[in-house]
Amino acid sequence: MHKISLFLLALLTNISYADDCAKANELIQQTPQNSTAILNNYEQALKLCTGQTGLYYAYGVTLMQAEQYQAAYDAFKQALSLLNQNSQAPDFAKKRFSILLRQSESQLAQYNKDANYNRGAVILSLSSVYAEAKASEFIIPKEFIALQERFQEQVNNEPLSGQELKLALRSARDLAVEAPLAIEYRIPFDFNSDKPSVEGMKLLSKIGNSLTDISVNKILIVGHTDSKGDAAYNLKLSDRRANSVKQLLIKQQPQLKNALEAKGVGENEPRYSTLSPEQDALNRRVEFILNP
């Protein structure tokens, strides 16, 4: 009898929850005239139905449209948490990637709005996007790249400081982020050479200084090329460039010797579309991958 009562209670609870979610969906189907009313409807809906990934996702998109970036970031993070609890969700990888993109968009938008925004937080978000794109063979959309470019240009002009890297690594550990921290730099090299240009050497000097301030067991330097030319040649060139960067950093900062590893992957791991010459050019990059 006791077991039957528990079963009925669980069944009634589920029915009640389903009714609440139905009411929540009715709320967000309404079309108020202003963004404040729309956001209020979402907040009421989330109080009624807390377990719907799509609801948090839609709320995050609406918050982004209202330029409430931090709140949008929190909503996408909650959506991602719910999605991770249900690995059997339809189109799991696409949904996860979509949420990660939006999450990063909110971080980039906040940074572009406020230059004092924590760059380490942006890098942490981007690392998750890049890892998911690589794992699921997704190409980063051109609209996202346009939003990212201003941030990337600033990072190339002034690499992340040791303090920013420490904050990003600490956040990755605290949040149990699965993806390693990947920092992209577009180090200029002399044409068809593994020797960095004068500008490239200046950039490397700053990168070396910041890497000495953090505590990680391994820093993997990965060289990438665009898709132009012979694939086998590109692979060798990217390997030479990655190892050149490694040796130059060790020369500058000998204490990094045991932490640094290098490899080239040529054109095999494009982050950007190879169909557009402008985007393919962005694939010429060097990544520093830090494992928290």
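Look a little higher up for the structure.
Here the structure is a predicted model, which means the values were calculated and not measured.

Engineer: Honestly, the state of the cysteines in this entry has me stumped. Any pointers?
Structural biologist: By definition, a disulfide links the sulfur atoms of two cysteines through a covalent bond. Applying the stated rule across the entire model yields one disulfide. Here Cys21 is linked by a disulfide to Cys49, with a sulfur-sulfur distance of 2.0 Å. Disulfide Cys21-Cys49: torsion about the S-S bond near 80 degrees, hence right-handed. One end of the pair, Cys21, is in helix α1 (residues 2-29); the other, Cys49, is in the loop between α2 (35-48) and α3 (53-65), with 28 residues separating them in the sequence. With a relative accessible area of 0%, Cys49 lands in the buried category.

Engineer: Whenever I open this one, helix α10 (residues 231-252) confuses me. Can you help?
Structural biologist: Residues spaced three or four apart along an α-helix face the same direction, because each turn holds 3.6 residues. The first and last C-alpha atoms of α10 sit 32 Å apart over 22 residues, in line with the 32 Å expected at 1.5 Å per residue. Every buried residue belonging to α10 is among Asn234, Leu237, Ser238, Arg241, Ala242, Ser244, Val245, Lys246, Leu248, Leu249 and Ile250, and all of these are buried. Where α10 is buried, its residues contact α9 (198-211), β2 (219-224), β3 (260-266) and β4 (285-290). Of the residues flanking the start of α10, the one acting as N-cap is Asp230, its side-chain oxygen 3.2 Å from the backbone nitrogen of Ala232.

Engineer: Help me out: how do you make sense of the sheet that holds β3 in this one?
Structural biologist: Note on sheets: strands pair through backbone hydrogen bonds, and any given pair is parallel or antiparallel. Taken in spatial order, the four strands make up an open sheet running β1-β4-β2-β3, and their pairing is mixed. Strands with a single pairing partner mark the edges of an open sheet, and in this sheet they are β1 (181-185) and β3. Direction aside, neighbouring strands of the sheet carry axes that sit 20 degrees apart on average. With six bridges joining them, β2 and β3 adopt parallel strand pairing.

Engineer: So what exactly am I meant to see when it comes to the packing of aromatic side chains here?
Structural biologist: Within a pair of aromatic rings, the relevant descriptors are the distance that separates the centres and the angle that separates the planes. In the structure shown here, the tally under the stated rule is five aromatic pairs. Note that Arg271 overlies the ring of Tyr130, its terminal NZ or CZ placed 3.4 Å from the centroid.

Engineer: Please clarify how the pattern of salt bridges should be interpreted in this entry.
Structural biologist: Pairs can form between side chains of opposite charge once their charged atoms are near each other. The full count for this structure, using the stated rule, is 13 salt bridges. When the shortest N-O distance is used, the salt bridge between Arg186 and Glu184 registers 3.0 Å. The shortest N-O distance in the salt bridge between Asp226 and Arg284 comes to 2.5 Å. Placement of the pair is Asp226 in the loop between β2 and α10 and Arg284 in the loop between α11 (277-281) and β4, with a sequence separation of 58 residues. Classification of Arg284 as partly exposed rests on a relative accessible area of 40%. Taken together, the shared-partner salt bridges connect Glu149, Glu184, Arg186, Arg271, Arg285 and Glu287 into one network.

Engineer: When you look at helix α6 (residues 119-136) in this model, what are you seeing that I'm missing?
Structural biologist: Relative to the 26 Å expected for 18 residues at 1.5 Å per residue, α6 spans 26 Å between its end C-alpha atoms, a close match to the ideal helical length. Most of α6 is tucked away, with 14 of its 18 residues classed as buried. N-cap assignment for α6: the residue whose side-chain oxygen lies 2.8 Å from the backbone N of Gly120 is Asn118. Of the residues trailing α6, Glu137 is marked for its positive phi of about 60 degrees.

Engineer: Honestly, the environment of Lys228 in this entry has me stumped. Any pointers?
Structural biologist: Residue position: Lys228 is located in the loop between β2 and α10. The class of Lys228 is exposed, set by a relative accessible area of 54%. Excluding residues that lie within four positions of it along the chain, Lys228 makes contacts with Asn234, Glu267 and Asp280.

Engineer: Any chance you could explain the nonpolar core here in plain terms?
Structural biologist: The nonpolar side chains of a soluble globular protein tend to be buried, and buried together. Core analysis: the biggest nonpolar cluster contains 72 residues, and Tyr185, Ile187, Leu211, Phe288 and Leu290 have the highest contact counts within it. Of all the elements, helix α4 (residues 69-84) adds the most residues to this core, at eight residues. The contact partners of Tyr185, leaving out residues within four places of it in the chain, are Gln152, Val155, Asn156, Pro159, Leu160, Leu203, Ile207, Arg285, Val286 and Phe288. Counting residues in hydrophobic clusters, the runner-up holds five residues, among them Leu220, Val222, Val265 and Ile289.

Cut-off values and rules
Residues numbered from 1 in each chain as written. Predicted model: local features only at pLDDT ≥ 70, side-chain atom pairs only at ≥ 80, totals over all residues. Heavy atoms only, no water. Disulfide = S-S within 2.5 Å. Helix = DSSP H or I, 4+ residues; strand = E, 2+ residues; numbered from the N terminus. Buried < 20%, exposed > 50% of the residue type's maximum accessible area, 1.4 Å probe, protein only. Expected span 1.5 Å × (residues − 1). Contact = heavy atoms within 4.5 Å. Polar contact = N/O pair within 3.5 Å; in protein donor to acceptor, adjacent residues only side chain to side chain. Pairing = 2+ DSSP bridges. Axes fitted to C-alpha atoms, helices over the stretch in contact; angles between N-to-C directions. Phe/Tyr/Trp six-rings, centres within 6.5 Å; stacked < 30°, edge-to-face > 60°. Lys NZ or Arg CZ within 6 Å of the ring centre and 35° of its normal. Salt bridge = Lys/Arg side-chain N within 4 Å of Asp/Glu carboxyl O. Core = buried A, V, L, I, M, F, W, Y, C linked by side-chain atoms within 4.5 Å.

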